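# Overview (structure and organization)
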Amino acid sequence: MSNVHKNPCIACTFTCCTLGGSCGLMLTKDEFEKHFKSHAEGLLVRVSKKIVIVSSKEGRVCPHLENGGCRIYQDRPIDCRLYPYQMRPVHEKRKKAKIEFNTRSDCPQKKSLFLLMPEAEVRALVMAFGKKVYGENKKIIVQQYEKKLVSRLRNLIETVIGRSF
């Protein structure tokens, strides 16, 4: 019997589990060690501001995607739990870390997924990510939601030029 857990996107043909799209999947060091270290040979791995960012070397899907579902669905990383929201690169200043998040405009199921995850829950996950990366009381974690127009423009530009900024 397979240990694969179905997710709410199972009927969708869009491939969202391509390791974070243009920005890469943002992980805490613990999430990387637990879920991706053993797959590192097929990944591009970099550390930026205490965050481990992984993406596929050849545009492959996540190594945990199997038989139409995620093998680690019940224990998946925070960045995966946020979908169809995504975190943007973190901005740090002295005692403050600003984590921006937005919606993925390319998700065909996002309207129904938004009903499953209210903004308050997204903010709680982003805060949990910040605390795991920077420690409970080391930095002030600021969350900023890039709403509609800014998010759509950024996603459009990234799609056209093929990179994040």
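Scroll up a little and you will see the structure.
Note that the structure is a prediction, hence the values are computed from the model and not measured. Going along each chain's sequence as written, the residues are numbered from 1 onward. Residues qualify for local features only when their pLDDT is at least 70, as the model is predicted, and side-chain atom pairs are given and counted only at 80 or more; totals for whole chains, interfaces and linings, by contrast, use all residues. Hydrogens and water molecules were not included; the side-chain quantities draw on all heavy atoms of the structure.

### Some details on the overall build of the protein
Helix and strand counts for the protein come out as five helices and nine strands. The order of α-helices and β-strands along the protein, N terminus first, is β-α-β-β-β-β-α-β-β-β-α-α-β-α. The classification of residues rests on relative accessible area computed with a 1.4 Å probe and restricted to protein chains. Under 20% of the type maximum is buried, over 50% is exposed, and intermediate values are partly exposed. A total of 165 residues make up the protein; the buried ones form 41% of that total. Any two residues whose heavy atoms approach within 4.5 Å are treated as being in contact. The long-range fraction of contacts in the protein, counting pairs at least 24 apart against all pairs at least 6 apart in sequence, stands at 68%. Roughly 9800 Å² of accessible area belongs to the protein as shown, and the carbon and sulfur atoms make up 54% of that amount. Secondary structure elements are taken from DSSP: a helix is a run of H or I of four residues or more, a strand is a run of E of two residues or more, and numbering for both begins at the N terminus. Using a 1.4 Å probe, the Shrake-Rupley method yields the accessible areas, and only the shown protein chains count as cover for residues.

### Digging into the sheet that holds strand 3 (residues 51-56)
Strand pairing is assigned whenever DSSP identifies at least 2 bridges connecting the two strands. Strands sit in the order 1-3-2 across an open sheet of three strands; the sheet is antiparallel. Since the sheet does not close on itself, it has two edges, and those belong to strand 1 (25-27) and strand 2 (43-48), each with one partner. When strand polarity is set aside, the average angle formed by the axes of neighbouring strands in this sheet is 25°. Bridge count between strand 1 and strand 3: three bridges; the pairing is antiparallel. The residue bridging methionine 26 from the neighbouring strand is isoleucine 53, located in strand 3. Working convention: axes come from line fits to C-alpha atoms, limited for helices to the stretch in contact. Angles between N-to-C directions cover 0 to 180 degrees. Lying over the sheet, helix 1 (residues 29-36) contacts strand 1, strand 2 and strand 3, oriented at roughly 110° with respect to strand 1.

### A few points about the pattern of salt bridges
Whenever a carboxyl oxygen of Asp or Glu lies within 4 Å of a side-chain nitrogen of Lys or Arg, that contact is scored as a salt bridge. Within this structure, the stated rule accounts for eight salt bridges. In this structure, glutamate 58 engages arginine 60 in a salt bridge whose closest nitrogen and oxygen atoms are separated by 2.7 Å. Of the charged contacts, one joins glutamate 66 and arginine 71 as a salt bridge, the two residues approaching to 3.6 Å between their closest N and O atoms. Here arginine 71 falls in the partly exposed class, since its relative accessible area comes to 28%.

### A word on the pairing of strand 3
Burial analysis of strand 3 places five of its six residues in the buried class, the great majority of the element. Examined bridge by bridge, strand 2 and strand 3 share six bridges and lie antiparallel to one another. For arginine 46, the partnering residue across the bridge sits in strand 3 and is isoleucine 53. If you look at the hairpin formed by strand 2 and strand 3, you'll find two residues sitting between the two strands, and lysine 49 has a positive phi there, around 55°.

Structural measurements only, silent on function.
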